[in-house]
Amino acid sequence: MSEFLLLVLILVLVACIFVTIAAFVIYSGLLADVVIKTGSPPVKNVTIAYKFKQGSYRDTGAAYTESCSIAPKLSSIAIFYDDPKEKPSDQCRYIVGSVLSEGEDKPDDETTKLYQKFGFKVFSLPEVSHAVTARFPCTSPLSHVVGPYRVYPQLAAYIESAAYATALTITKPQIPIDSKPAKMF
Ligand SMILES: *[C@@H]1O[C@H](CO)[C@@H](O)[C@H](O)[C@H]1NC(C)=O
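Residues numbered from 1 in each chain as written. Predicted model: local features only at pLDDT ≥ 70, side-chain atom pairs only at ≥ 80, totals over all residues. Heavy atoms only, no water.

> Just give me the short version of the overall build of the protein, but keep the residues and values in it.
Looking only at helices and strands, the protein features five helices and six strands. If you list the helices and strands of the protein from N to C, you get α-β-β-α-β-β-α-β-β-α-α. Counting across all 185 residues of the protein, residues that qualify as buried make up 29%. Sequence-distant contacts in the protein: of pairs separated by 6 or more residues, those separated by 24 or more amount to 78%. On the protein, roughly 12700 Å² of surface is accessible, and the fraction owed to carbon and sulfur atoms is 63%. (Helix = DSSP H or I, 4+ residues; strand = E, 2+ residues; numbered from the N terminus. Buried < 20%, exposed > 50% of the residue type's maximum accessible area, 1.4 Å probe, protein only. Contact = heavy atoms within 4.5 Å. Areas by Shrake-Rupley, 256 points an atom, 1.4 Å probe, with all protein chains shown as cover.)

> Describe the site of the ligand, listing the residues and the values that go with them.
Taken together, Asn 45, Thr 47, Ser 101, Glu 102, Gly 103, Glu 104, Asp 105, Lys 106 and Ser 124 make up the full set of residues adjacent to the ligand. Side-chain polar atom of Asn 45 to an oxygen atom of the ligand: 2.2 Å apart, as the coordinates give it. Residue Thr 47 places a side-chain N or O atom 2.8 Å away from an oxygen atom belonging to the ligand. Relative to its unbound accessible surface of 360 Å², the ligand loses 61% to contact with the protein. (Near = heavy atom within 4 Å. Polar contact = N/O pair within 3.5 Å; in protein donor to acceptor, adjacent residues only side chain to side chain.)

> For helix α2 (residues 61–70), give the residues involved together with the corresponding values.
Those residues of α2 that fall on the buried side of the exposure criterion are Ala 63, Ser 67 and Ile 70. Angular distribution of buried residues about the axis of α2 spans 60°; they occupy a single face of the element. Exposed residues lying more than 90 degrees from the buried face of α2 are Ala 62, Thr 65 and Ser 69. On its buried side, α2 packs onto β2 (46–54), β4 (93–102) and α3 (109–117). (Arc of directions from axis to C-beta.)

> Explain the sheet that holds β2 residue by residue, including any values.
Think of a sheet as strands paired side by side through backbone hydrogen bonds, with each pair either parallel or antiparallel. Spatial strand order, β3-β4-β2-β5: four strands in an open sheet with antiparallel pairing. Looking at which strands have only one partner, the edges of the open sheet turn out to be β3 (76–80) and β5 (121–125). On average, each strand axis in the sheet is tilted by 35° relative to the strand beside it, whichever way the strands run. For β2 and β5, the ladder comprises five bridges, and the chain directions are antiparallel. Pairing of Tyr 50 across the sheet is with Lys 121, part of β5. (Pairing = 2+ DSSP bridges. Axes fitted to C-alpha atoms, helices over the stretch in contact; angles between N-to-C directions.)

Below, the structure is given as structure tokens:
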């Protein structure tokens, strides 16, 4: 085979790899619409099982895996308390857990006990009438990496924007935002 042909083959291969990676990143949400709005949140009041953690928000994966592995059918939930731009990453607090029940449903006793056995705490979050919500499609494991890069800047811009200020004057949140998280511990 001539050297030229070999070079062309290598270039085609490299191009294929790049196209595949680009397609995968786009499929994972690189160009997806981020839908941000103020209104009723997607969940009612929920009872959750959770573990409190501290550390970089990049390393939350293991906590999700732990919580999911106890009851894979339950939805995951996480609450992040600190702005990672303002706090050193080792001081960033968060909880990760699973939603045991929502609204009028009662949590399953056995599942609750199982979570407690593995060191999870149980807590009920009240229903909130109005919240700022953002939606981002989760199409691949990479969506969890692409999502924060796409969503958080837009969420921050929305909260600074006139649209949010207008929404706030019409709809006051039921619960003062700064009075809740501290009660969880
Ligand atoms: C939600 O609130 C209702 C009314 O206070 C209560 O009966 C129900 O147990 C709560 N649900 C959860 C999942 O905490």
